[in-house]
Amino acid sequence: MFASTVIGRCKQCKKSGRLKHESASYAWSAARFCQNLWIEGLVEQNATTSRHGIPTAVQQYRGHHNSSRLAISTTRWHGNPNCQVPPISRSITSATTTASRRSSSCDHTWLFPIIQQQRKHSTRAASNAPNQTLQQQQNRKRSGTDIASDREMVLSAALEQSSASTAQSLIDIMFQALRQVNNPKLAWECYTDLTLRNKLHHLTRDQFRELIRLFRHRCSHTESLEYVLTLMDDMASLGYRIGRKEKVVIMRLLGMNGKLDEMEQVFLDIKQDKMLLVMDGDAQKPFNTMFDMYQMQKDVVGSKHVAERSLEIYGEMIELGVRPGPAATRSLMENIRGAGDTHDVVEMVWSWLWNKMGMIVGGNPVDLEPSLYREMVLYFASAGRAEYALEINDLMVKRKIQRDVRVGTALIHKVGRSGNLERAMEIFDEMTRIDGVQPTIVTFNALIDIHAHKSPEPDIEGAGRIYEKLQEYGLKPDIATIGPLIDMFAKKGDVDMVRRLYRDLIDNQQLKPNQHIYSSLIECFVKHKDKESAMNVLQAMRKTLRGGVTMANQVTYNLMIRSFVRDNDLNGAFDLLDLMIESKLQPQSRTFTPILGLLADQGNVVGVNKIMEMMSNIGTRMNIFTHTALLEAYTKAGDIRGAERIFQKMKQRYRLNTQTFNVLMYGYMKKNEMDMVLDIYRHMLKSHVGMNEHTYGILMYYFSCRREPKAVESLLATMKNSNITPRVTCWTILMQSYFQTERYDEGFRVYDRMKQAGIKPSYVTYSLMVATCVRTGDLELAETIMGNAINRYEKHSKAEESRELLANARKMASTEMYTHNLPKLVDELLKERQEQQPPEAKLPPHLFDPLINAYTNRLDFAKAKKTFGLMMDLNVKISATAYVTLMNMYKKEERLDIVDHLWQHLRTRKANPVPMKDLDPEIEKDIPLPVAIKDSTDILFSREDVNSLELSISQQQSDTVSPFALSVYIDTLTQQERFDDLAQLWDELTEEQYPFDEQNWNRYLTSLAESGNVEKASIMTLKYVSEHHENVQPSIRISDNPSLNDDQRRQLHNRTYRALAQMLDISAEGLSDRQLYDTVLSTLETNSL
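Conventions we followed
Residues numbered from 1 in each chain as written. Predicted model: local features only at pLDDT ≥ 70, side-chain atom pairs only at ≥ 80, totals over all residues. Heavy atoms only, no water. Helix = DSSP H or I, 4+ residues; strand = E, 2+ residues; numbered from the N terminus. Buried < 20%, exposed > 50% of the residue type's maximum accessible area, 1.4 Å probe, protein only. Contact = heavy atoms within 4.5 Å. Areas by Shrake-Rupley, 256 points an atom, 1.4 Å probe, with all protein chains shown as cover. Salt bridge = Lys/Arg side-chain N within 4 Å of Asp/Glu carboxyl O. UniProt positions renumbered as here; feature names shortened; annotations may be inferred. Core = buried A, V, L, I, M, F, W, Y, C linked by side-chain atoms within 4.5 Å. Polar contact = N/O pair within 3.5 Å; in protein donor to acceptor, adjacent residues only side chain to side chain. Axes fitted to C-alpha atoms, helices over the stretch in contact; angles between N-to-C directions. Parallel < 35°, antiparallel > 145°, perpendicular 65-115°, else oblique. Nonpolar A, V, L, I, M, F, W, Y, C, P; charged D, E, K, R; others polar.

Q: Would you take a moment to explain the overall build of the protein for this structure?
A: When you go through the protein residue by residue, the secondary structure sums to 54 helices and four strands. Split into buried and exposed, the 1089 residues of the protein put 50% on the buried side. Looking at the protein alone, contacts between residues at least 24 apart form 67% of all its contacts between residues at least 6 apart. Within the structure as shown, the protein displays about 53,700 Å² of accessible surface, and the carbon and sulfur contribution to it stands at 49%.

Laid out in structure tokens, this is it:
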């Protein structure tokens, strides 16, 4: 058993001369332990040979020892009262019993000094009484009982010494098992034997504390918790004080075992016992333990809860006057970052920090740990909240807290990317001049990046200055320096500049292109419609491995898909999607965003739903942007009720963002539900959702439609006060608001104000001015404005053609393409381009439509055709409006055969254009099918302003014939009295579920009345009035005469009910328009009975 095992091990070790695992002192302790067992054997032997059956003092002691052994408490210190003691081996006890009955062969001479001392004492007593009588000596002669008592006294003293020696031997073995042998199980057996022998009082408080430390480090956290709880129970039972350090240990063990509530209770005990605040440097220990344990259990309790509790703990440290150190701050920030940067988390952190930064303790501001300021700046910068980062930065300056290079760089980048380049440069100046911080290459890369991504146009000159300053500091550009420059010119479509920078990257800087560089090349190729080269770069990336992984990642495919979608190539986008899945890359929600945006822009609800179904099938999670695309599809399709249903579902699922509110506001505005526009705006304010330029644009458009230019001016001023720069769209809406109230002089003065503000008018601005001049009858001024717009376009087109373009763009992706001369330095290239203006947008067709319509209405067909021919010569896209304008011109010219050709071409969707040379030599170029271009009246979503408002645009061919074109063709058939053809066409379109508008119905009913088909005209009129009118979309076009319907509440236009009255032989003489209208309807209803 245990004793024999130890003795055997000692003998074996001595015999072999090897004591590798146990030291000599360990063996000597074991030998002494055996001697103590022999003494206990003597005690038991003495008990069995006691006289007269009277228990001796030794027997009483021994009995007491056997009956009063202290059991391990089953009640843990502040733990679970049902917690059971871990199973303990009883080998020590059994070994003790066996050894006590075994005779020992050892020479136990260590007891002789005690007996000899007692004998010397007796001899001295005898020699001091020489004069005593013999009788007295005989009286003092020892009796047998006295001898037995002496023997018991000797044995009792031996027993006491044996008990202490046994306990010390067990204690020595226990500590050596923990310190040297690293055998906690053996150590715990020793401790259990001490407990069963009632010898725990031999352990001092310091030894208990050392045992807690050793068991904590030598065992797993589960076993450590049980051992440490037992040790603390025993300390308490012995009257030892349980200190702060031990409680902190138990806090950590409870936390490691997931018992956070119990850990909190121990923390509360420490606080109530006033142990939290200590004078030494250990004051932060309990708090740091809480930080660490919550971070360890974040997967169980949730990252957000961990962040919330960490903020509370850190705040409690500040309130108690415990200055958090860097370790506490680091743990706090790790727990905050673990919760993410969602709006709720960011706002929670900001609210907490703002309160703490302004908190007053003892009449003075709280002196927070400097690293907290720095880390919070980095956190809010990474979360995209530059305004919060700036607030902290200003406070750091005020309190003279040193800013390091990381803080400065983060502030520069985020503030600059938010559009405030001036403030970003001020921060750079403060960092270098006031704080004395040496900028790194990362700092300069951030500066170049914010200049390269300045909106609305990159700041090439500023990027050049930064590059020069970088060289002044003696820093060498890296891939992150050249990358933003290449990306800047790639977005501008400057192929030549991209090529030269790419060459400098490889030849001069000796750098290898990374994924961002290749992505910029792809974007540049796609911008020049060189899809083949873009695909070659993608294939090269797929073959290039970095760290065993292909360079073509999800970002690359997302870029390619977005580029193909921008070019309206959905088939190419889906091919890339298949290639991405084939490469075992999981498409992300952002992968589908461009596709969804294109379909939403078309109002293709069915297509959006199919894409969402595809995302679900391949396991791609949908987010708020996915559902916003669906919402936009409903609004663009005119289904505002469907949009409302989607909006309500999104409210329950997401925290709505600015874009979501903008889309629904736009939908209500297009449906002319102006009250709902304001309701959604109020909802947006209550939800604390920020406004952007698009939001202001919608509100400005709203008040413009209400003919309130003063309100539009107020909104423009509010934008400036909110640090939102009004762009050309907002200025154009302001101009429109004055034109609609016939305040033309003030409207044209807006043009001068735009130029003074440095805003270049867009082609939509020119189109609005042209249309206004046409409306006021000043066609000469309209032609002048149109000519200025054309001159500007031609000037930029020639400059674009004069640039040196790459002969074969596909070679640009190859590192083997070199020129004979070394490329210029980057700073020289930047200077060369800083005066160069960006490429001009294409001329829109709505710049020409007003004048074509004006000449057509004046029956000046020659000028109308000349203007249309000029539009074709400039390669302007033919929109549906321009196509209908051409049909209307030929209808008024009574060239009805050409109208028929144009209609059949539109209806059959033939790829071949209409051969105008044979039909009308005055228009030499053939007429292609129209493309879907935004309505000229939709200033908010005009072609040039789409990028600034981040909206997709569709230029693909329109699949549905325009209701405007149908109205022109119905008039043409009616004019030719081709009533049968019209009836057949109407039936075909009805079967196809064509969305007839108000104009279509009125023209069709008029044709039925003029054809004399009383029965069908009566049936269709009543059907339209009773069933279809509320579902029919109203439409008003420039060519329509408002007098045709003098009362907008009437379902039938003036021309329609007069034709029906003539068909019914109802005399209009003496009847007002309203009386005639009511008479026609009542007659039709009577006849139907």
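Q: Just to check I follow, could you spell out unusual backbone geometry for this structure?
A: What is expected of a backbone is that most residues other than glycine have negative phi and most peptide bonds are trans. For Asn 182, which is not a glycine, the phi torsion comes out positive at approximately 55 degrees. Tracing the backbone through its elements, the reader meets Asn 182 in the loop between helix H7 (144–179) and helix H8 (184–196). With a phi close to 60 degrees, Leu 859 is a non-glycine residue in the positive phi region. Following the sequence through the fold, Leu 859 ends up in the loop between helix H43 (849–857) and helix H44 (861–873). A relative accessible area of 53% places Leu 859 in the exposed class.

Q: What should I look at first to understand the pattern of salt bridges in this one?
A: Pairing between side chains of opposite charge can happen when their charged atoms approach one another. Taken as a whole and assessed by the stated rule, the structure comprises 42 salt bridges. Notably, a salt bridge pairs Glu 347 with Arg 385, separated by 3.1 Å at the nearest N-O pair. A residue pair is termed long-range when its members are at least 10 positions apart, and Glu 347 in helix H17 (residues 343–357) and Arg 385 in the loop between helix H18 (370–382) and helix H19 (386–398) qualify at 38 residues. Look at Glu 347 and you get partly exposed, because its relative accessible area is 24%. Note that Glu 922 and Lys 865 form a salt bridge whose closest N and O atoms lie 3.4 Å from each other. Taken as a pair, Glu 922 in the loop between helix H47 (916–919) and helix H48 (946–949) and Lys 865 in helix H44 lie far apart in primary sequence, 57 residues in all. Among the residues examined, Lys 865 registers a relative accessible area of 2% and is labelled buried.

Q: I tried to follow the UniProt feature "repeat: PPR" (unreviewed entry) in the protein on my own but got confused; where do I start?
A: Mapped onto this structure's residue numbering, the UniProt feature "repeat: PPR" (unreviewed entry) falls at residues 440–477, 553–587, 623–653, 657–691 and 727–761. As annotated, residues 553–587 comprises 74% helix and 0% strand, and the C-alpha atoms at either end are separated by 10 Å. Taken end to end, residues 727–761 has its terminal C-alpha atoms 10 Å apart, with 74% of it in helix and 0% in strand.

Q: Whenever I open this one, the nonpolar core confuses me. Can you help?
A: The tendency in soluble globular proteins is for nonpolar side chains to be buried side by side. The biggest cluster of nonpolar side chains holds 287 residues, and the ones touching the most others in it are Met 174, Leu 203, Met 376, Phe 380, Ile 392 and Phe 848. With sequence-adjacent residues up to four places away left out, Phe 848 is seen in contact with Met 786, Ile 790, Leu 843, Thr 867, Leu 870, Met 871, Leu 874 and Val 876.

Q: Honestly, the environment of Arg 1003 in this entry has me stumped. Any pointers?
A: Considering the arrangement of structural elements, one finds Arg 1003 in helix H51 (residues 998–1011). Judged by its relative accessible area of 13%, Arg 1003 falls in the buried class. Separated by 32 residues in the primary sequence, Arg 1003 and Asp 971 have C-alpha atoms spaced 7.0 Å apart. Side chain to side chain, Arg 1003 and Asp 971 meet in a polar contact 2.8 Å long.

Q: So what exactly am I meant to see when it comes to the environment of Leu 372 here?
A: Looking at the element boundaries, Leu 372 is found in helix H18. Along the chain, Leu 372 and Arg 330 lie 42 residues apart, while their C-alpha atoms are 8.2 Å from each other. Excluding residues that lie within four positions of it along the chain, Leu 372 makes contacts with Tyr 314, Thr 329, Leu 332, Met 333, Trp 352 and Leu 353.

Q: In this structure, what is going on with the packing of helix H20 (residues 405–417) against helix H22 (residues 441–452)? I would like to understand it.
A: Packed helix pairs are specified by the crossing angle of their axes together with the interaxial distance, meaning the distance between the axes. Contact pair H20 / H22: the axes reach a minimum separation of 9 Å and the direction vectors enclose 5 degrees. If you check the angle between H20 and H22, you find them roughly parallel. Between H20, through Val 405, Thr 409, Ile 412, His 413, Gly 416 and Arg 417, and H22, the contact on the second element is made entirely by Val 442, Thr 443, Ala 446, Leu 447, Asp 449 and Ile 450. For the contact of H20 with H22, the residue count by class is six nonpolar, four polar and two charged.

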